[in-house]
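In case you want the letters, here they are:
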Amino acid sequence: MDSLDGVLRLFGLIFGWPLGVFRRWLDRQPHRNPSQISRLERFGRLMLGAFLTLCILIPLGWLIFK
């Protein structure tokens, strides 16, 4: 059990800090209605969401189907 706890703590340190920095950056961005942003910004948000989703699903799929 101690090794699992250590692995989870390491995982939290590796991924928690960048996610916290990203969350704080995102909180500082102005809140705008989606109709007020350009097509390029909407495309950028879509690509960011797709990239983050793939960053989670690909390693998860690798762990499950390994």
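Everything discussed here concerns the structure shown above.
Residues numbered from 1 in each chain as written. Predicted model: local features only at pLDDT ≥ 70, side-chain atom pairs only at ≥ 80, totals over all residues. Heavy atoms only, no water.

Asks: Tell me about a nonpolar patch on the surface, and please be specific about residues and values.
Replies: The grouping of I56, L57, L60, W62, L63, I64 and F65 at the surface amounts to a nonpolar patch, some 850 Å² of accessible area in total. Relative to the helices and strands, L63 is located in helix α2 (residues 39–65). (Patch = residues over 30% accessible without salt bridge, like charges linked within 9 Å, V, L, I, M, F, W, Y side chains within 5 Å. Areas by Shrake-Rupley, 256 points an atom, 1.4 Å probe, with all protein chains shown as cover. Salt bridge = Lys/Arg side-chain N within 4 Å of Asp/Glu carboxyl O. Helix = DSSP H or I, 4+ residues; strand = E, 2+ residues; numbered from the N terminus.)

Asks: How would you sum up the pattern of salt bridges? Please name residues and give values.
Replies: For the structure shown, the criterion picks out 3 salt bridges. Two residues, R23 and D27, come together in a salt bridge whose shortest N-O distance is 3.7 Å. Here D27 and R23 lie together in helix α1 (residues 2–28), a separation of 4 residues that amounts to about one turn. The partly exposed category is assigned to R23, whose relative accessible area is 46%. R32 is the salt-bridge partner of E41, the closest N and O atoms lying 3.1 Å from each other. (Buried < 20%, exposed > 50% of the residue type's maximum accessible area, 1.4 Å probe, protein only.)

Asks: Explain α1 to me, using residue names and the numbers behind them.
Replies: Here α1 is 27 residues long and its end C-alpha atoms lie 38 Å apart, about the 39 Å a rise of 1.5 Å per residue gives. Along its length, α1 reaches its greatest deviation from straightness, about 30°, at G16, and the proline P18 lies no more than four positions downstream. (Expected span 1.5 Å × (residues − 1). Bend = angle between axes of the 7 residues up to and from the residue.)

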